[in-house]
Amino acid sequence: MTYRLASRSRGPLHRPALDQDGTKQKDMRVTGKIHHLQALRAIAASLVVADHALEYPIRRQLLGEHNYALAWILGWVGVAVFFVISGLIMVRSSYDTFGDIQQARRFAVRRILRVVPLYWLATSAFLVVSVVRTNAFNPVDLVKSLLFVPYLSPGASGMRPIVGQGWTLNYEMMFYMLFALSLTLRRGLGLAWIFVVLAALVVCHVIFWPPFPYSDPVTPAQFWSDPIILLFALGMVIGLLEHSALRRYAVPHPIACSLILMVACGGAFIALGGAFPLPVSWQILFAAMAVCTVYICTNAVTAAPGRVEQVLETAGDASYSTYLIHPLVLMVFATVWGLLPRSMQHPVAFLIGSILLCNLVGYLVHLSIERPLGEKLRHFAERPRDLPKRARLLA
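What you see is a predicted model, and the numbers here were worked out from it, not measured in a lab.

Rules used in this analysis
- Residues numbered from 1 in each chain as written.
- Predicted model: local features only at pLDDT ≥ 70, side-chain atom pairs only at ≥ 80, totals over all residues.
- Heavy atoms only, no water.
- Helix = DSSP H or I, 4+ residues; strand = E, 2+ residues; numbered from the N terminus.
- Buried < 20%, exposed > 50% of the residue type's maximum accessible area, 1.4 Å probe, protein only.
- Axes fitted to C-alpha atoms, helices over the stretch in contact; angles between N-to-C directions.
- Parallel < 35°, antiparallel > 145°, perpendicular 65-115°, else oblique.
- Left-handed = near helix turned anticlockwise from the far one by under 90°.
- Contact = heavy atoms within 4.5 Å.
- Nonpolar A, V, L, I, M, F, W, Y, C, P; charged D, E, K, R; others polar.

Considerations on unusual backbone geometry
So, step 1. In this model, Phe212 is joined to Pro213 through a cis peptide bond whose omega is 0°.
So, step 2. By the secondary structure assignment, Pro213 is in the loop between helix 6 (187-208) and helix 7 (220-224).
So, step 3. That bond from Phe276 to Pro277 is cis: its omega, 0°, falls within 30 degrees of zero.
So, step 4. The topology assignment puts Pro277 in the loop between helix 9 (254-271) and helix 10 (280-298).
So, step 5. Its identity as a non-glycine residue notwithstanding, Gln61 has a phi of 60°, on the positive side.
So, step 6. With respect to the helices and strands, Gln61 occurs in the loop between helix 1 (28-59) and helix 2 (67-94).
So, step 7. You can call Gln61 exposed: its relative accessible area is 68%.
So, step 8. Phi is positive for His253, close to 50°, though the residue is something other than glycine.
So, step 9. The topology assignment puts His253 in the loop between helix 8 (230-241) and helix 9.
So, step 10. Assessed through its relative accessible area of 55%, His253 is described here as exposed.

So this is what it looks like as structure tokens:
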């Protein structure tokens, strides 16, 4: 989903220049922000793919088990970036729609149509694979997965729906619900309300389930109050900064700078023997890194993306499809890869091939299923309903 959002020209960063005839030039810096955010989404999705791809050579003893820490931190960073971007985009796209119940309803419908259809299709595909492999089916788990209710299956290491990585969507949908409710209030009150609710949930979590040491949630209440939800709030802060008079500083080469930050933080984690469940201190560090990368890509200096960033932007458009279907792609790819002689099964080649293939298949799914299905559903949901049929035809 491409972000085509109006930008306000407040502050020196967004003040357009004038041509010789006095007309305003196009604010290329604002245009660039959209490209770089999409590119960052592609990187985040690829980090999650890398997380799951690394598990295959580790299980086949082509890599040591200590590399599990590397795999998990790649996935955690990708998710953190996604959550911060979500908070930012909700503020940017809805800043002028507070205090309107109809706008709140429209926001909720659009979010549901954005997330649910493809997720339900992916859940159906994962369910078929699961039944074929295990010959087991739990209808309660299916209902909870479809309704974004977290649950802990017997023997599972975390609260995972049928689409394993869909646990992040349980957080996303909770955040969207809270944001939709905030849109019914005046802007200042609505924004304050959502910040207070998110903070209150985390305070309750700290009181009832002290995160020292941190442990994975095992109940819905513990899950929905996990400190990870503060990443949404941090993204909202970035969005609010765009509408403030505070001076903001743009950074050149935002994607390169973001990658350097990610590598530096990930390298420090591995070098210092970081492990999972991720301690709060490391969560704070990686949350700060995610905020910095999103801020950098939101305040880009360059106007037009280069070729690499254009490819990343295209992959970013399809990042939701890539995120949902990549485990199925990895399953097939790993099976084919396993047919090669062991001497040819280089883990680095498998990792690179996995990232490229998953993004390619994700893009194809985006073009053939996600985008056309979303357009049809949005057209159906937004068509006028309060006019007689004849009046609609004449409109």
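Still more ground to cover, so stick around.
Here we look at the packing of helix 2 against helix 8
So, step 1. Contact geometry of helix 2 with helix 8 gives a least axis separation of 6 Å together with a crossing angle of 45°. The orientation of helix 2 relative to helix 8 falls into the category oblique. Considering the relative orientation of helix 2 and helix 8, their crossing is right-handed. Seen from helix 2, the contacting residues are Ala80, Phe83, Val84, Ser86, Gly87, Leu88, Val91 and Arg92; seen from helix 8, they are Leu231, Phe232, Gly235, Met236, Ile238, Gly239 and Leu240.
So, step 2. Considering only residue class, the contact of helix 2 with helix 8 consists of 10 nonpolar, 4 polar and 1 charged.

Re the packing of helix 12 (residues 319-337) against helix 13 (residues 347-382)
So, step 1. At a closest axis distance of 8 Å, the pairing of helix 12 and helix 13 adopts a crossing angle of 130°. In terms of their interaxial angle, helix 12 and helix 13 are classed as oblique. You can see that helix 12 and helix 13 cross each other, and the crossing is right-handed.

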